[in-house]
Amino acid sequence: MASVSVSGLAKSFGDTHVLSPTDLTIEDGEFVVIVGPSGCGKSTLLRLIAGLETPSAGRIAIGGRDVTDAAPADRGVAMVFQSYALYPHLTVAGNIAFPLKVAGRPKHEIAERVAAVAASLDLTDLLDRKPRALSGGQRQRVSIARAIVRQPKVLLLDEPLSNLDSELRVRMRHEFARLHQQLGATMIYVTHDQLEAMTLANRIVVMAKGRVEQVGAPLDLYARPANLAVAKAIGSPA
Ligand code: ADP
Ligand code: MG
């Protein structure tokens, strides 16, 4: 695991300021949940940390090392997307193995890691299937398996449960809590779901309009929202 620290981090697309200069430090092993209305810059912040976007300004450090100019694969970070983003032509095993193959790991190590990760996410019986033969919940478990197969120090999750039904979401919520324990990774998790935020987070980051409005422990934010935007995002009584 590793701390994640951004300073003066900002992103514009042309004249549109999507992320205003932002300072935020996430501790080693913390589970931080980011909430805020659609379009406020949550995904952009995750994508900047993952190295999938180039910042307009500011620096990013992971585990105390400046990674602002590092390639995505060299950051010790993995990301899970709302849309799963699985490779349709590969089997479950092929999808999970993919990051290890790209990294040039030896065959026996790949087989070992795929088996271990599949077992931990209850995917062992599905390894030969193609993504189209899986349910939504199974697909999301494969995308999580693929993200953790290289044992990232930091796991970024962008609304990972928003395409699943409510029963499955409750079950997966427990999965994420367990995964956090088991991996010992720092987790940064974006969600629209207040219950997910309240139950999973060590700290919640509330964003609005490209800015961080407030950061704090779930119950502190609930009891003492700094403004209306925070109260709305957390579901505090008005
Ligand atoms: P969130 O994840 O909070 O819903 P995003 O980070 O996806 O928000 O987007 C924040 C804003 O940035 C939105 O207004 C979106 O339209 C804009 N945006 C995101 N990506 C791009 C892009 N590649 N080009 C132009 N605008 C973008
Ligand atoms: Mg988003």
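Every chain's residues receive numbers from 1 upward, in the order its sequence appears when written. Chain letters start at A and ligand numbers start at 1, both assigned in the order the entries are written. For this predicted model, a pLDDT threshold of at least 70 governs which residues receive local features, and a threshold of 80 or more governs which side-chain atom pairs are given and counted, while totals over whole chains, interfaces and linings are taken from all residues.

An unreviewed UniProt entry lists the protein under the name ABC transporter ATP-binding protein, from Sphingomonas longa.

### Quick word on the packing of helix H2 (residues 92–102) against helix H4 (residues 136–148)
Orientation is described by lines fitted to C-alpha atoms, with helices fitted over the stretch in contact, and by angles between N-to-C directions that extend from 0 to 180 degrees. Note on conventions: DSSP H or I runs of at least 4 residues are helices, E runs of at least 2 residues are strands, and numbering of each starts at the N terminus. Across the interface, H2 lies against H4 with an axial gap of 7 Å and an inter-helix angle of 30 degrees. With respect to each other, H2 and H4 are oriented roughly parallel. For the pair H2 and H4, the crossing hand works out as right-handed. Side by side, H2 and H4 meet where Val 92, Asn 95, Ile 96, Phe 98 and Pro 99 of the first sit next to Val 142, Ala 145 and Arg 146 of the second. Looking at the contact of H2 with H4, its residues break down into six nonpolar, one polar and one charged. The labels follow the angle: roughly parallel below 35 degrees, roughly antiparallel above 145, roughly perpendicular from 65 to 115, and oblique for the rest. In this scheme the crossing of two helices becomes right-handed for a clockwise turn of the near helix relative to the far one and left-handed for an anticlockwise turn of less than a right angle. Our contact criterion uses C-beta atoms placed from the backbone: two residues qualify when those atoms are within 7 Å. Three residue categories are used. Nonpolar comprises Ala, Val, Leu, Ile, Met, Phe, Trp, Tyr, Cys and Pro, charged comprises Asp, Glu, Lys and Arg, and polar comprises the others, including Gly.

### As for the packing of H2 against helix H3 (residues 107–120)
Each pair of packed helices can be summarised by the angle the axes make with each other and by the distance between the axes. Contact pair H2 / H3: the axes reach a minimum separation of 10 Å and the direction vectors enclose 130 degrees. Considering the angle they form, H2 stands oblique to H3. For H2 against H3, the interelement crossing comes out right-handed. Of the residues in H3, those in contact with Ala 93, Ile 96, Ala 97, Leu 100 and Lys 101 of H2 are Ile 110, Arg 113, Val 114, Val 117 and Ala 118. For the contact of H2 with H3, the per-class residue count stands at eight nonpolar, no polar and two charged.

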